[in-house]
Amino acid sequence: MIRLLLLALTRFLVGGQGLWIGCAPVARQRIYFANHTSHLDTILMWAALPPALRARAHPVAAADYWGTGVLRRHVALRVLNAVLIDRKGEQRDAGNPLAPLFATLADGDSLILFPEGTRGAERIPGPFKSGLYHLAREYPDVELVPVYLDNLRQALPKGSLLPVPISCAVRFGEPLALGPDEDKADFLTRARDAVIALS
Amino acid sequence: MDTRMWWLFGGVAGLLLLASVTGVVLSYRVTTEAGRETVANLKARIKAWWVMVALFALAFAFGKVVTLVMFALVSFYCLREFLSLTPARPSDHGAIAAAFYLFIPLQYFLVGVEWVSMLTIAIPVYAFLLLPVLSVLRGETDDFLLRASKIQWGLMLTVFCISHAPALLILEFEDYDSAFLLFFLVTVVQLSDVLQYVFGKLYGKRKIAPGVSPSKTVEGFVGGGLAATVVGALLWWITPFSFLGAAALSFVIVISGFLGGLVLSAVKRSLGAKDWGTMIAGHGGALDRMDSVTFAAPVFFHFVRYFHT
């Protein structure tokens, strides 16, 4: 019910059809990584995947936003199938903050990731955090698909509460893989460039 | 719905059937690559026409409220396309939200309750003044005039102007159902577009404004415009006008529709786009189909109101 409502509302307000430019919407284990400018990003990425793929894709969401509030938590966990991570975990010694993501990949499911770690205000994404690199190194067989989310910062900019109707697009690019002895910084730059190339 | 209305929609369906058959015949006869592309686009356009005519007929069958809701949705999608092409700043978020969530429902509500004096000033006066206020409170002055005018232009064209088409329903005549007036406007304005396209493809040589709209030609405009005026005149029996009156008003619709298409094409190009969107296959966006209506509807509405009520 909430699922259908959310999907209908998303289509009505922002459209957000997926454009598969560099790869096909096939059921493979993948990490979709995208630029991040709006809270709508998570919902739009989820809505852009065909139902069969959507069922096995888990958006990685920040526990400090999506984990708070009864409705938001319900939407994140039950509707979007999100994996919540603790963004401030790196400073603590409570174990690896990426552990829930490794668990998801170990189950054979796909991830939707925003490697900037926070929302930006620009068209071009900011520098990527290292999470994507660690996931790619641990699971080399998982396809890494760059995604560009167009126009969402217009629909719900950082600091606003009410989304407005603006046509948005989700562009899926050509998968890339971590080179055998590729440096972390090089890889993250290359991944970021792949997202920018779709903008 | 009046039985005559069924006949009119039957006539439109007949024309579309003829167009569909022509499309199929043409697709067997074309030989060049460019020709194939044109015919494929033509077929997509005709297919989309079937859907649009069906929706329009449905609105007529259900009456005024459904027609208003349908036009409100058309305004919504047109405004969405318009504002999607005009990058806004976060400071304009409030103004954009007001345009969508306040002024679209308000404008169509005013049409619905037949408050004519207010529906003609709500957006040109109150929205005109309120929207820049919502932006100025955020304190950003960069490109302020440019940003404010984009939202105002969008709201005027896609909501204010388009709402004048269903507003025809509230004009009152003795022994006359004004739904026919709306049918008349939409038929003449869209037929004018279609005939200008057809005449342009068949005989078009001299471009009118190559920088603005490369597909508009003198031959297309004159041939299509005259043909649409003649068809409009021949529809005089569904209007409250005489034969000559219907011809004159059709001419007004054709000219204002043409100018609307031209101006909106220039707006679109100044924003760096070729189509307003991708919503209607073959045509582009919703606003690509409504561009001539934005100019024709308010002009026709006020001409009719001035001369006939």
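Predicted model, so just to flag it, every value in this text is computed and none were measured.

**Student:** Can you walk me through the overall build of chain B in this structure?
**Tutor:** The secondary structure content of chain B amounts to 11 helices and zero strands. Listing the helices and strands of chain B from first to last along the sequence gives α-α-α-α-α-α-α-α-α-α-α. Taken against the 2.2 N^0.38 rule, which gives 19 Å for 309 residues, the C-alpha radius of gyration of chain B at 20 Å falls within 12% of a compact globule. Considering only C-alpha atoms, chain B reaches an extent of 60 × 55 × 30 Å along its principal axes.

**Student:** Before we go on, may I ask you to explain the overall build of chain A in this structure?
**Tutor:** Across its full length, chain A carries nine helices and seven strands. Taken over C-alpha atoms, the radius of gyration comes to 16 Å for chain A, in line with the 16 Å a tight globule of 199 residues would show. Overall, chain A is about 45 × 40 × 30 Å in size when its C-alpha atoms are taken along their principal axes. For chain A, the residues scored as buried account for 51% of the 199 residues in total. Charge centroids of chain A, computed over 22 positive and 19 negative side chains, lie 9 Å from each other.

**Student:** Would you explain empty space enclosed by the protein in this entry?
**Tutor:** Gaps between atoms show up when a probe of the same size as a water molecule is rolled over them. All names here are of chain B. Within the structure shown, the criterion is met by one cavity of 30 Å³ or more. Taken as a whole, the largest cavity spans an internal volume of roughly 50 Å³. Forming the boundary of the largest cavity are Leu83, Thr86, Pro87, Ala88, Asp92, Ile96, Arg147, Lys150 and Ile151. If one sorts the elements of the lining of the largest cavity by residue count, helix α7 (residues 144-163) sits on top with three residues.

**Student:** Can you help me understand the pattern of salt bridges in this one?
**Tutor:** Pairs may arise between side chains of opposite charge once their charged atoms sit close together. Residues and elements named next belong to chain A. Within the structure shown, the criterion is met by 14 salt bridges over all chains. In this structure, Glu143 and Arg28 form a salt bridge, with 2.9 Å as the shortest nitrogen-oxygen distance. In this pair, Glu143 sits in strand β6 (residues 143-150) while Arg28 sits in the loop between β1 (15-20) and β2 (30-34), placing the two residues 115 residues apart along the sequence. Salt bridges linked by common partners bring Arg28, Arg30 and Glu143 together as one network.

**Student:** How should the interface of chain A and chain B be read in this particular structure?
**Tutor:** How big an interface is tends to be stated in terms of the accessible area lost upon association of its parts. Across the contact, 17 residues belong to chain A and 14 residues belong to chain B. Together chain A and chain B conceal approximately 1300 Å² of surface at their shared face, both sides included; 60% is due to carbon and sulfur atoms. When residues of chain A are sorted by the area they lose upon contact with chain B, Phe12, Gln154 and Pro165 of chain A head the list and together hold 41% of the total. One can count zero salt bridges joining chain A with chain B. Between the two partners, chain A and chain B, sit eight residue pairs in polar contact (both at pLDDT 80 or more). The dominant element in the side of chain A that touches chain B, judged by the number of residues it contributes, is helix α1 (residues 2-14) of chain A, at four residues. Here the residues of the side of chain A that touches chain B are counted per class, giving 11 nonpolar, five polar and one charged.

**Student:** Even after reading the chapter, I still don't get helix α6 (residues 122-136) of chain B, so can you show me in this structure?
**Tutor:** Counting along an α-helix, one turn takes 3.6 residues, and residues three or four places apart therefore face a common direction. Residue and element names in this part refer to chain B. Over its 15 residues, α6 runs 20 Å from end to end, which matches the ideal 21 Å to within 8%, given 1.5 Å per residue. Of all the bends found along α6, the most pronounced is centred on Phe128 and spans about 30°, while Pro132, a proline, follows it within four residues. Buried residues belonging to α6 abut α4 (93-112), α5 (116-119) and α7.

**Student:** Looking at this structure, I do not really get the confidence of the model for chain A. What am I missing?
**Tutor:** Should the pLDDT be low somewhere, the predicted coordinates at that spot are not to be read in detail. Taken as a whole, chain A shows an average pLDDT of 88; of its residues, 96% reach a score of 70 or greater. Between the elements of chain A, mean pLDDT differs from a low of 84, seen in helix α4 (residues 63-66) of chain A, to a high of 94, seen in β2 of chain A.

**Student:** Explain the domain arrangement of chain B to me, please; I cannot follow it from the model alone.
**Tutor:** All names here are of chain B. Domain assignment breaks chain B into domain 1 (1-62), domain 2 (63-163) and domain 3 (175-309). Centre-to-centre, using C-alpha coordinates, domain 2 lies 23 Å away from domain 3. Each partner contributes to the interface: domain 2 provides 17 residues, whereas domain 3 provides 20 residues. Buried area between domain 2 and domain 3, both sides added, is near 1500 Å², and the carbon and sulfur share of it is 85%. Here domain 2 and domain 3 share zero salt bridges between them. Linking domain 2 to domain 3 there are two residue pairs in polar contact (both at pLDDT 80 or more). Put simply, the parts of the chain that give the side of domain 2 that touches domain 3 at least two residues each are α3 (64-84) and α7. Counting residues per element, the side of domain 2 that touches domain 3 draws most heavily on α3, at seven residues.

**Student:** In this structure, what is going on with the side chain of His283 of chain B? I would like to understand it.
**Tutor:** Residues and elements named next belong to chain B. Following the sequence through the fold, His283 ends up in the loop between α10 (243-270) and α11 (286-308). Under the relative-accessibility criterion, His283 is labelled buried at 6%. Of note is the side chain of His283, whose polar atom sits 3.1 Å from the backbone oxygen of Arg45. At 3.2 Å, the side chain of His283 and the side chain of Arg289 are in polar contact.

**Student:** Would you explain the packing of aromatic side chains in this entry?
**Tutor:** Each aromatic ring pair is described using two quantities: the centre-to-centre distance and the angle formed by the ring planes. For the structure shown, the criterion picks out 26 aromatic pairs over all chains. Taken together, a centroid distance of 5.7 Å and an interplanar angle of 80° make the contact between Tyr32 of chain A and Phe172 of chain A edge-to-face. Taken together, the residues Tyr32 of chain A in strand β2 and Phe172 of chain A in strand β7 (residues 168-172) connect sequence positions 140 residues apart. Here a set of aromatic residues connected by ring pairs shows up, and it is made of Phe12 of chain A together with Phe76, Tyr77 and Phe100 of chain B. Over the ring of Trp46 of chain A we find Arg54 of chain A; its NZ or CZ atom is 5.2 Å from the centre of that ring. Taking NZ or CZ as reference, Arg72 of chain A lies 3.9 Å from the ring centre of Tyr65 of chain A, over its face.

**Student:** Would you mind showing me how to read the side chain of Glu81 of chain B here?
**Tutor:** Residues and elements named next belong to chain B. With respect to the helices and strands, Glu81 occurs in helix α3. Of the side chains with opposite charge, Arg80 comes closest to the buried, unpaired Glu81, at an N-O distance of 7.0 Å. Once residues lying within four places of it in the same chain are set aside, the contact partners of Glu81 are Trp276, Gly277, Met279, Gly285, Ala286 and Leu287.

Rules and cut-offs
Residues numbered from 1 in each chain as written. Chains lettered and ligands numbered in written order. Predicted model: local features only at pLDDT ≥ 70, side-chain atom pairs only at ≥ 80, totals over all residues. Heavy atoms only, no water. Helix = DSSP H or I, 4+ residues; strand = E, 2+ residues; numbered from the N terminus. Rg over C-alpha atoms; globule rule 2.2 N^0.38 Å. Buried < 20%, exposed > 50% of the residue type's maximum accessible area, 1.4 Å probe, protein only. Lys, Arg positive; Asp, Glu negative; His and termini not counted. Charge placed at Lys NZ, Arg CZ, Asp CG, Glu CD. 1 Å grid on protein atoms, 1.4 Å probe; cavity = no way out; pocket = protein on both sides within 12 Å on 5 of 7 lines; lining within 4 Å. Points joined across faces, edges and corners; volume = space filled by probe spheres on them. Salt bridge = Lys/Arg side-chain N within 4 Å of Asp/Glu carboxyl O. Contact = heavy atoms within 4.5 Å. Buried area = accessible area lost by both parts, 1.4 Å probe. Polar contact = N/O pair within 3.5 Å; in protein donor to acceptor, adjacent residues only side chain to side chain. Nonpolar A, V, L, I, M, F, W, Y, C, P; charged D, E, K, R; others polar. Expected span 1.5 Å × (residues − 1). Bend = angle between axes of the 7 residues up to and from the residue. pLDDT = per-residue confidence, 0-100. Domains from an automatic or database assignment. Phe/Tyr/Trp six-rings, centres within 6.5 Å; stacked < 30°, edge-to-face > 60°. Lys NZ or Arg CZ within 6 Å of the ring centre and 35° of its normal.

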